[in-house]
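Here is what each chain is made of, one letter per residue.
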Amino acid sequence: MPLTNNVIIKLNEITTLVEDKNNLKEQDIEEIKLIFKTILKNGERYDVDDIESWFENEGSWTNKQTRVRVINLSHYIQDKFEQTARLKIISDE
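What you are looking at is a predicted structure, and each value in this text was computed from that prediction instead of being measured. (Residues numbered from 1 in each chain as written. Predicted model: local features only at pLDDT ≥ 70, side-chain atom pairs only at ≥ 80, totals over all residues. Heavy atoms only, no water.)

Asker: How would you sum up the overall build of the protein chain? Please name residues and give values.
Answerer: Secondary structure summary: the protein chain contains 4 helices and 0 strands in total. Along the protein chain, helices (α) and strands (β) appear in the sequence α-α-α-α when read from the amino end. Looking at the 93 residues of the protein chain, the share that counts as buried comes to 32%. The contacts in the protein chain between residues at least 6 apart in sequence include a share of 70% that link residues at least 24 apart. Accessible area for the protein chain stands at about 6200 Å²; split by element, carbon and sulfur atoms hold 46% of it. (Helix = DSSP H or I, 4+ residues; strand = E, 2+ residues; numbered from the N terminus. Buried < 20%, exposed > 50% of the residue type's maximum accessible area, 1.4 Å probe, protein only. Contact = heavy atoms within 4.5 Å. Areas by Shrake-Rupley, 256 points an atom, 1.4 Å probe, with all protein chains shown as cover.)

Asker: Give me the lowdown on the packing of helix α1 (residues 5-17) against helix α3 (residues 48-58), citing residues and values where you can.
Answerer: For the pair α1 and α3, the least separation of the axes is 12 Å and the interaxial angle reads 50 degrees. When the axes of α1 and α3 are compared, the pair comes out oblique. The chirality of how α1 crosses α3 is right-handed. Touching V7, I8, L11, N12, I14 and T15 of α1 are I51, W54, F55 and E58, all from α3. Taken together, the residues of the contact of α1 with α3 sort by class into 7 nonpolar, 2 polar and 1 charged. (Axes fitted to C-alpha atoms, helices over the stretch in contact; angles between N-to-C directions. Parallel < 35°, antiparallel > 145°, perpendicular 65-115°, else oblique. Left-handed = near helix turned anticlockwise from the far one by under 90°. Nonpolar A, V, L, I, M, F, W, Y, C, P; charged D, E, K, R; others polar.)

Asker: An account of α1 is needed here, citing residue identities and associated values.
Answerer: If you check α1, its first and last C-alpha atoms are 18 Å apart, about what 13 residues at 1.5 Å a residue would give, namely 18 Å. Of all the residues in α1, the buried ones are V7, L11, I14 and T15. Around the axis of α1, the buried residues are gathered within 100 degrees of arc, so they sit on the same side. Exposed residues on α1 whose side chains face more than 90 degrees from its buried face are N5 and T16. (Expected span 1.5 Å × (residues − 1). Arc of directions from axis to C-beta.)

Asker: A description of the environment of Y46 should follow, citing residues and the corresponding values.
Answerer: Checked against the element boundaries, Y46 lands in the loop between α2 (26-41) and α3. Judged by its relative accessible area of 2%, Y46 is buried. Within the structure, Y46 has its side chain in polar contact with the backbone oxygen of S74 (distance 2.7 Å). (Polar contact = N/O pair within 3.5 Å; in protein donor to acceptor, adjacent residues only side chain to side chain.)

Just distances and angles here, no functional claims.
Here's what the structure looks like:
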C-alpha cells in the first residue's frame, strides 16, 4: 500500500520538527508519536516498510539509529492503535 499524500505531509512535518536528526530529544519523540497517532485517528493507514523506505530516501535522515527509532515509533503507535480499536468494537453483550 503506497503512502498517501496526507501521510507524506505528516512525514515531512516530522522532518521539519526534528532539528537534530542524529539525536532525538524526548520532546521530539512525543511529537513524533502524536503525529503518527493523528495519522491513524484521521483514518489514514501506512505500512511500516513504506515509512522506513520514505525516511531512507528522504535525504536528511542520515543517522541509521535515529531512522530506526522513528520507524519503531511508527510501528509501536500503529500496534497500540490497532489493539485499542479492536477493543472498542467488541460488544459487552
